[in-house]
Amino acid sequence: MRKIGLIGGLTWYSTKTYYDHIQRGVQARVGNQASAPMVIDSLDSSSLMRLSSAEDWSRAAGELAEAARRLEGAGATAILIGANSMHKVYNQVAAAVQVPILHIAECVADRMVAKGVKRAALLGTRNVMLESFYRQKLIARDIELLPPNMTRVETLDRIIYDELMLGKATRQAERELKSMITVLVQEGAEAIVLGSTELEMVVDVDANVLPIFDCTAIHAQKAVEWIVG
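Scope of this entry: the structure provided in the associated data block. Being a predicted model, the structure only gives us computed values, none of them experimental.

Conventions used here
- Residues numbered from 1 in each chain as written.
- Predicted model: local features only at pLDDT ≥ 70, side-chain atom pairs only at ≥ 80, totals over all residues.
- Heavy atoms only, no water.
- Pairing = 2+ DSSP bridges.
- Helix = DSSP H or I, 4+ residues; strand = E, 2+ residues; numbered from the N terminus.
- Contact = heavy atoms within 4.5 Å.
- Axes fitted to C-alpha atoms, helices over the stretch in contact; angles between N-to-C directions.
- Expected span 1.5 Å × (residues − 1).
- Buried < 20%, exposed > 50% of the residue type's maximum accessible area, 1.4 Å probe, protein only.
- Polar contact = N/O pair within 3.5 Å; in protein donor to acceptor, adjacent residues only side chain to side chain.
- Parallel < 35°, antiparallel > 145°, perpendicular 65-115°, else oblique.
- Left-handed = near helix turned anticlockwise from the far one by under 90°.
- Nonpolar A, V, L, I, M, F, W, Y, C, P; charged D, E, K, R; others polar.
- Phe/Tyr/Trp six-rings, centres within 6.5 Å; stacked < 30°, edge-to-face > 60°.
- Lys NZ or Arg CZ within 6 Å of the ring centre and 35° of its normal.
- 1 Å grid on protein atoms, 1.4 Å probe; cavity = no way out; pocket = protein on both sides within 12 Å on 5 of 7 lines; lining within 4 Å.
- Points joined across faces, edges and corners; volume = space filled by probe spheres on them.

1. Focus: the sheet that holds strand β2 (residues 38-42)
Across the sheet, which stays open at both edges, the four strands sit in the order β2-β1-β3-β4 with parallel pairing between neighbours. This sheet does not close on itself; its edge strands, each paired only once, are β2 and β4 (101-102). Strand direction decides the pairing type here: strand β1 (residues 4-8) and strand β3 (residues 78-81), joined by four bridges, are parallel. Across the sheet, the residue bridging to Gly 5 is Ile 79, located in β3. Where helix α1 (residues 12-30) meets the sheet, its contacts fall on β1, β2 and β3, and the angle it forms with β2 comes to roughly 175°. In this fold helix α2 (residues 54-73) packs onto β1, β2 and β3, with an angle of close to 155° to the strand it touches most, β1.

Here you go:
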């Protein structure tokens, strides 16, 4: 098996989810005694939250690039960035290493195309929902995305940053997401993309009336495929 690298700590709750998905996926493919060869560089999320200025993002790119180089030096043959929002600096991080970095939105787009999804709603933090670095990866595959509604953007940003990234998965947040998804179905969404690695804490992927594409699970599955070759 090939060793995978994970830039984690963004947050550690999602890092834990990645680790669980990858290990279980490898066991399912290789056998119950198997364990995925893996190296994790866990960063301090407190310095990488709610970035806004160009200077902030330049600093973040440098920190993630250094982490990627450490993982490559530790023998990782491919790398994951364990956060959707940090894919804004994907190009700078990818340029810092020789091994491939598996882009989370490209993995999601591949799965959606395979399932024949043509129109979807993207849920995530403000920068994921409003900026082009993530949305364009899906649009480039002929997946139409519903336009972001600013009220929903503000609600999701608050839930993700003020609750989920702190490990708080409340019943109120579950109800808000359920109501939001119901409205998105009425607006014509054929599927929902969970564009935040923490949203699986308050969205039941298997108990919805339309397909839910959980970015964390999909990204981790791509890592499993890489590991087992």
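2. Considering helix α7 (residues 150-162)
Two residues of an α-helix separated by three or four positions point the same way, owing to the 3.6 residues in each turn. The end-to-end C-alpha separation of α7 is 18 Å, in line with the 18 Å expected for 13 residues at 1.5 Å each. Buried within α7 we find Arg 152, Val 153, Thr 155, Leu 156, Asp 157, Ile 159, Ile 160 and Tyr 161. Taken together, the buried residues of α7 touch β5 (119-123), α5 (126-130) and α8 (171-186). The N-capping residue of α7, defined by a side-chain oxygen 3.0 Å from the backbone nitrogen of Thr 151, is Asn 149.

3. Concerning the packing of helix α4 (residues 104-114) against helix α6 (residues 132-139)
Taken N-terminus to C-terminus, the directions of α4 and α6 make an angle of 25°; their axes are 9 Å apart at the nearest point. Regarding the angle of α4 to α6, the classification is roughly parallel. Crossing handedness for the pair α4 and α6: right-handed. Contact with α4, carried on its side by Ile 104, Ala 105, Glu 106, Val 108, Ala 109 and Met 112, involves Tyr 134, Lys 137 and Leu 138 of α6 and no other residues of that element. When its residues are assigned to classes, the contact of α4 with α6 shows seven nonpolar, no polar and two charged.

4. Points about the packing of aromatic side chains
Considering all chains together, one arrives at one aromatic pair under this definition. One cation-aromatic arrangement involves Arg 2 over Trp 226; the distance from NZ or CZ to the ring centre is 3.7 Å.

5. Overview of the layout of surface pockets
Taken as a whole, the largest pocket holds about 330 Å³ of empty space. Lining the largest pocket are 14 residues, with Glu 174, Lys 178, Asp 204, Ala 207 and Asn 208 positioned closest to its centre. Of the residues that constitute the lining of the largest pocket, the class distribution is seven nonpolar, two polar and five charged. For the second largest pocket, the calculated volume is near 260 Å³. If you trace the second largest pocket, you find 19 residues lining it, with Met 49, Arg 50, Leu 51, Asn 127 and Tyr 161 closest to the centre. Counting only elements with at least two residues in the lining of the second largest pocket, the list comes to α5 and α7. In terms of residue class, the lining of the second largest pocket is made up of 10 nonpolar, five polar and four charged.

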